[in-house]
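Residues per chain are reported as follows:
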Amino acid sequence: MSLDNLLSNWSQYRKGHEEGGFHDYEHRWGMAIDLDICTGCNACSTACYAENNLAVVGPERFEKGQAMHWLRVERYWDQSELDHPEQGASFLPMMCQQCNAATCEPVCPVAATYHTPDGLNAQIYNRCIGSRYCSNNCPFRVRYFNFYSYYESSWPEPLNMQLNPDITVRDKGVMEKCTYCVQRIRSAKNKAKMEDRKLEDGEFTTACAQACPTNAIVFGDWQDENSQVAKLWKKHEVTRAVTKQNKDNPEKRGYRIFEELNIDPSVMYLERVREKV
Amino acid sequence: MSKHCVMGLFSDFDEAFAAISDIRKTKIPGVSVDDVTLKSPIEHPEIEEVLGERPVHLQKFTLFGAIFGVTFGFFFLAAAQASFLVQPQGGKPVVALPSNFVLMYEMLIFFAVWGTFLAFLFLSGLLRKRHSLYSENVSLDQVGILIDVDDSNLERVKDLFKQHKAVEIREEEIR
Amino acid sequence: MYNEKDINEQIAWAKINADVLRSMENPRKSYWVAIVICILMIACAVFAEYIQYTVGMGPSNLNNPHMWDMYIATFVFWIGMSHSGTLLSAILHLIHADWRKPIYRFAEAMTTFSLMTAGIFPIIHLGRVWNMYWVLPYVSDRGLWPNFRSPLVWDAFAISTYLSASMLFLFIGMIPDLAICRDNARGWRKKLYTVLSLGWSGNDRQWRNFRKIYLLMACFLIPLAVSVHSIVSADFAMSIMPGWHVTTFPPYFVAGALYSGCAAIITLFVLLRYFFRFEEYMTLPIMEKTAKLTFAIAMVWTYLNLIEFSSVWYGHDIYNKELLIDKATGAYAWVFWTMLFCGSVVPFALAFQKLRRHMPTMFVVSLLLNVGMFFERWMIVAPTLSMSHSPHQWDVMWGSIVEWAIVFGSLGWFGLLFLIFVKVFPSVSMYEVKEMVFHRQRHLVNEDAATKFHRRSDDKTTTGEPGLEGA
């Protein structure tokens, strides 16, 4: 039977992402983050902690680099090449980029991380054995490992009451990372299905996008042409499946981080605008 | 007619080899060099000249193991991948040939090696009771020549052994 | 200058048996002390692993960029060590270099035991050790398979193949010797060797098949050993990280593996020669040959290092270049320079004949070489993690006592296995030393005959000594 399956679907099984891959995508969730209006307030990160039951690890473990912030706001000061370096830090909200050709996926020995038909890079906690190879092969270093059983000390009574019942609390020894609030995606999809209609743009959004006071983070279905995120990608002439965005208009500020590594990230960043002298 | 099994032990290897080539030449009726078993503490590639070509079939099992390993490897891996469709990852195809080649190579060697070993146990007659005429000197520094003969030839063979300065001669009746 | 033979051809065969069998009996007090030390070392590691098992990976100081550290470095180190024994034994067997015969047995045992040590580390480093069997391709009800694309799964395949093949190679080569032990032992040893020698009686059928299987195994082990360490290098080379994604990694790893393995052979050579008084078998000329080989491999390793540095330097890849500069000047600089000193400068001691023949020097030198090779593995794993693509995640991390205790304990584990081996199994191959002696004697006789013939045919020539150098 399996041999039959193998032979009849051989050409399908041999397709890489350049030829569209094994299956068609139902959705392709993507993001656009405008760094120009990001104030670095960390509301997104906080919202992420609340939504996704992220463990609070305490100052010592944070210092050791064992924190669990799926979404971190990176700060860069050293911008001496700019005209006004004294303008302070520039901020970069960094979460899993849900790469289309994710480097973390093929290295997992047990296939605990894989690509969903939604274009998400999913992590199966139950399957993870904690070899941590995925994190080593992630150029963004946005995968977080449960070095301890954080749940034991992270939410002392009655704080455990604030945990989100839609998702799990992870135990020691598994890898976790930003899921694009997959629980929200799933419930919105289910709701649309129950009501027998298509999922609409803006019907739901991720916790970080919801919390962002300046609306710097835009989330949506990249495949849906009318979605806000698809329009933004289009406006800034950012295309997928390339290693370099070819454009000469400086007004088009969009770029994807480390796209030269051919990993095809799903997050477009809009460059910060600095006035010239 | 009853038969005897004779074993001559020699400490001079050249004499032992000469004894075998005498058996080969003198043609004692009913005694052929094919009945001779040589027991030795070390390996003697040069003895094949006197003992005659005796075929070794071990390499066929190696070949079989290798071919089995590589074909089984391919189908096993591809079938596993084709029935585990959560695997499309990192933009790679479901059946990823480059990585499968690596594993097929390992499986080739794995099965070839084990096939050879199991065939070795079988073909070289290990895992059996040792011959009752075993001498511990064979594992030290003496060569033994073991031969099954009819009683009529027993004395002639023993004489031959004595001629070639056999240190010790043991015999046993075969029932 | 020194014109000795690899081995004295006149040595009596009974003496060979007696000497080797004696080495397996009546352990001295120092042996038991060594055993106790090894067990204590293992106890340290077990205690550390107990903490890690119950608490999580946190106590080892691993953190976000440094997801791998000493466990993987040590894994690569032990795998590397396992390469020399079997690989050298097989290559030297194929090219009929008979000086391998007195030293190959303990070298192969070293291979097997360091592989058994190495195999522990990928398991220890897992976050959920209890699920380690998920890496194996077994048929499950739920239709789950491992991910065959992952180099870690290749590791599992390669190591199990290599472990079984090298164990079989060691065992097959030992069968005739086990028969000797069986014929000379009493009590529980007699029972053990009777089972293990599989009824070997030394008849021509057994020897014919034996010769064939030994040859076949040697033929398979050479490509296997090369592929195993290439696959281990693929753990790094298949990633996209700067300093890991390097084309020369497979040969670099194989050379490094041979290097540390040869150094370990020298260490054990000196120890066995001293403690078991094997001066007649593990002779100085054999040591010299091993040392020369080690020197040659050291130079190959140095060359591959230079290639890597220069290709990074002239490649102008920003991530790789930054990383290289950081290796030489950053927080890990002392490790980097110690590695280069121990790996590329110290081996020049092997170029001097005086030093090659001085056992204490060789002992120290070989240990230093292995320190250098351990640091090399550390230099492969840590700096890349500390300085990968994303500058926000740059971090320097030093392992905690828990991590080092496990690394330290692995030495004890290897030591314990080896100590048990030398007292239970013959660490010098008796039958092959006999073969070596036998064939060299034959060779001498033939040479003598040739010399005499020569003299007779031409009276005026005074021939020199018959050539004493063996194969």
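Residues numbered from 1 in each chain as written. Chains lettered and ligands numbered in written order. Predicted model: local features only at pLDDT ≥ 70, side-chain atom pairs only at ≥ 80, totals over all residues. Heavy atoms only, no water.

1. Digging into the side chain of Arg132 of chain A
- Within the secondary structure, Arg132 of chain A sits in the loop between strand 5 (121–123) and helix 6 (133–136).
- Buried and unpaired, Arg132 of chain A has Glu403 of chain C as its nearest opposite-charge partner, separated by 7.2 Å.
- In this structure the side chain of Arg132 of chain A is engaged in a polar contact, spanning 2.6 Å, whose partner is the backbone oxygen of Met67 of chain C.
- When sequence neighbours within four positions are dropped, the list of residues in contact with Arg132 of chain A reads Phe145 and Met175 of chain A together with Met57, Leu62, Met67, Trp68, His125, Leu126 and Gly127 of chain C. (Helix = DSSP H or I, 4+ residues; strand = E, 2+ residues; numbered from the N terminus. Buried < 20%, exposed > 50% of the residue type's maximum accessible area, 1.4 Å probe, protein only. Lys, Arg positive; Asp, Glu negative; His and termini not counted. Salt bridge = Lys/Arg side-chain N within 4 Å of Asp/Glu carboxyl O. Polar contact = N/O pair within 3.5 Å; in protein donor to acceptor, adjacent residues only side chain to side chain. Contact = heavy atoms within 4.5 Å.)

2. Regarding the nonpolar core
- Core analysis: the largest hydrophobic core is formed by 277 residues, its most contacted members being Phe120 of chain B together with Phe236 of chain C.
- No other element matches helix 6 (residues 151–184) of chain C, which puts 19 residues into this core.
- For this core, the domains that each give at least three residues are domain 1 (3–55 + 132–174) and domain 2 (58–123) of chain B.
- Those residues in contact with Phe236 of chain C that lie beyond four places of it in its chain are Tyr133 of chain A together with Trp68, Ile72, Val76, Trp244, His245, Phe249, Phe253, Ile380 and Val381 of chain C.
- Within the second largest apolar cluster, eight residues are counted, among which are Val218, Val229, Leu232 and Leu270 of chain A. (Core = buried A, V, L, I, M, F, W, Y, C linked by side-chain atoms within 4.5 Å. Domains from an automatic or database assignment.)

3. Points about the packing of helix 4 (residues 104–118) of chain C against helix 9 (residues 249–275) of chain C
Residues and elements named next belong to chain C.
- One way to put it is that helix 4 packs onto helix 9 with a least axis distance of 10 Å and a crossing angle of 125°. Relative to helix 9, the element helix 4 lies oblique. Considering how the two elements wind past one another, helix 4 and helix 9 form a crossing that is right-handed. Where helix 4 abuts helix 9, its residues Phe106, Ala107 and Met110 lie against Gly261, Ala264, Ile265, Leu268, Phe269 and Leu272.
- Classifying every residue of the contact of helix 4 with helix 9 gives eight nonpolar, one polar and no charged. (Axes fitted to C-alpha atoms, helices over the stretch in contact; angles between N-to-C directions. Parallel < 35°, antiparallel > 145°, perpendicular 65-115°, else oblique. Left-handed = near helix turned anticlockwise from the far one by under 90°. Nonpolar A, V, L, I, M, F, W, Y, C, P; charged D, E, K, R; others polar.)

4. With respect to the interface of chain A and chain B
- Contact with chain A, which involves 20 residues of that partner, is made by 19 residues of chain B.
- A buried area of about 1,600 Å², summed over both sides, lies between chain A and chain B, and 69% of it is on carbon and sulfur atoms.
- Considering only the surface of chain A that becomes buried against chain B, Leu6, Tyr13 and Arg14 of chain A emerge as the three largest contributors, covering 30% of it.
- Put simply, chain A and chain B have zero salt bridges between them.
- Counting across the interface, chain A meets chain B through five residue pairs in polar contact (both at pLDDT 80 or more).
- Those elements that place two or more of their residues in the side of chain A that touches chain B are helix 1 (2–8), helix 2 (10–13), helix 5 (104–107) and strand 4 (113–115) of chain A.
- With four residues, the top contributor of residues to the side of chain A that touches chain B is helix 1 of chain A.
- Grouping the amino acids of the side of chain A that touches chain B by side-chain chemistry returns 10 nonpolar, seven polar and three charged. (Buried area = accessible area lost by both parts, 1.4 Å probe.)

5. What to know about the confidence of the model for chain C
All names here are of chain C.
- Looking at chain C as a whole, its pLDDT mean stands at 88, while 94% of the residues score no less than 70.
- Within chain C, no element has a lower average pLDDT than helix 16 (residues 430–457), which sits at 75, and none a higher one than helix 2 (residues 29–55), at 94.
- Across residues 457–471 the pLDDT falls below 50, and counting only partners more than four positions away or on other chains, this stretch makes 15 contacts in the model.
- Scoring of the predicted complex yields 0.91 for pTM and 0.91 for ipTM. (pLDDT = per-residue confidence, 0-100.)

6. Concerning the interface of chain B and chain C
- With 65 residues of chain B at the contact, the number on the chain C side is 56 residues.
- With both chains or domains summed, chain B and chain C bury close to 5,400 Å², and 65% of this area falls on carbon and sulfur atoms.
- Contact with chain C buries surface across chain B, with Ile42, Glu43 and Glu106 of chain B losing the most and accounting together for 12% of the total.
- The interface formed by chain B and chain C contains three salt bridges.
- Here Arg54 of chain B and Asp204 of chain C are joined by a salt bridge, their closest N and O atoms 2.6 Å apart.
- Taken together, the links from chain B to chain C amount to 19 residue pairs in polar contact (both at pLDDT 80 or more).
- With 19 residues, helix 4 (residues 97–123) of chain B is the single largest residue contributor to the side of chain B that touches chain C.
- Broken down by class, the residue content of the side of chain B that touches chain C amounts to 38 nonpolar, 15 polar and 12 charged.

7. Details of the packing of aromatic side chains
- One pass over the structure, following the stated rule, counts 67 aromatic pairs over all chains.
- Note on Trp200 of chain C and Phe210 of chain C: the rings are 5.5 Å apart at their centroids and 65° apart in plane angle, and the pair reads as edge-to-face. In this pair, Trp200 of chain C sits in the loop between helix 7 (187–196) and helix 8 (204–237) while Phe210 of chain C sits in helix 8, placing the two residues 10 residues apart along the sequence. In this structure, Trp200 of chain C and Phe210 of chain C share a single accessibility class: buried.
- On the numbers, 5.6 Å between centres and 75° between planes, the contact of Phe276 of chain C with Phe278 of chain C is edge-to-face. When sorted by exposure, Phe276 of chain C lands in the same class as Phe278 of chain C, which is buried.
- Positioned over the ring face of Trp222 of chain A is Arg240 of chain A, at 4.7 Å from the centre of the ring.
- Over the ring of Tyr104 of chain C we find Arg100 of chain C, and its NZ or CZ is 4.4 Å from the ring centre. (Phe/Tyr/Trp six-rings, centres within 6.5 Å; stacked < 30°, edge-to-face > 60°. Lys NZ or Arg CZ within 6 Å of the ring centre and 35° of its normal.)

8. Structural notes on the sheet that holds strand 10 (residues 267–270) of chain A
Residue and element names in this part refer to chain A.
- Read across the sheet, four strands follow the order 8-1-10-9 without closing on themselves; strand pairing throughout is mixed. The open sheet has two edge strands with one neighbour each: strand 8 (217–221) and strand 9 (254–255).
- In the sheet, strand 9 pairs with strand 10 via two bridges, with the strands oriented antiparallel. In the sheet register, Tyr255 faces strand 10, and the bridge partner there is Tyr269.
- Strand contacts of helix 10 (residues 228–235): strand 1 (29–34), strand 8 and strand 10, with the helix running at about 110° to strand 8, the strand carrying the most contacts. (Pairing = 2+ DSSP bridges.)

9. Quick look at unusual backbone geometry
Residue and element names in this part refer to chain A.
- Note that the residue after Glu157, namely Pro158, is joined by a cis bond; omega there is -5°.
- Mapped onto the secondary structure, Pro158 falls in the loop between helix 7 (151–154) and strand 7 (175–176).
- The backbone phi angle of Phe258 is positive, close to 55°, even though this residue is not glycine.
- Structurally, Phe258 is set in the loop between strand 9 and strand 10.
- The class of Phe258 is buried, set by a relative accessible area of 12%.
- Here the phi dihedral of Asp264 falls at roughly 55°; this positive angle occurs in a residue that is not glycine.

10. Observations regarding the pairing of strand 8 of chain A
Residue and element names in this part refer to chain A.
- Of all five residues that make up strand 8, five are buried, and the element is covered over most of its length.
- Of the pairings in the sheet, the one linking strand 1 to strand 8 comprises five bridges and is antiparallel in character. In the sheet register, Gly30 faces strand 8, and the bridge partner there is Gly220.

11. Points about the sheet that holds strand 4 (residues 168–174) of chain B
Residue and element names in this part refer to chain B.
- Strand order in the open sheet formed by four strands is 2-3-1-4, with antiparallel pairing between adjacent strands. The open sheet terminates on both sides in strands that have one partner only, identified here as strand 2 (37–39) and strand 4. Strand-to-strand twist of the sheet, defined as the mean angle between neighbouring strand axes without regard to direction, takes the value 20°.
- Here helix 5 (residues 151–163) sits on the sheet and contacts strand 1 (3–10), strand 3 (143–150) and strand 4; the angle it forms with strand 3, its principal contact strand, is near 160°.

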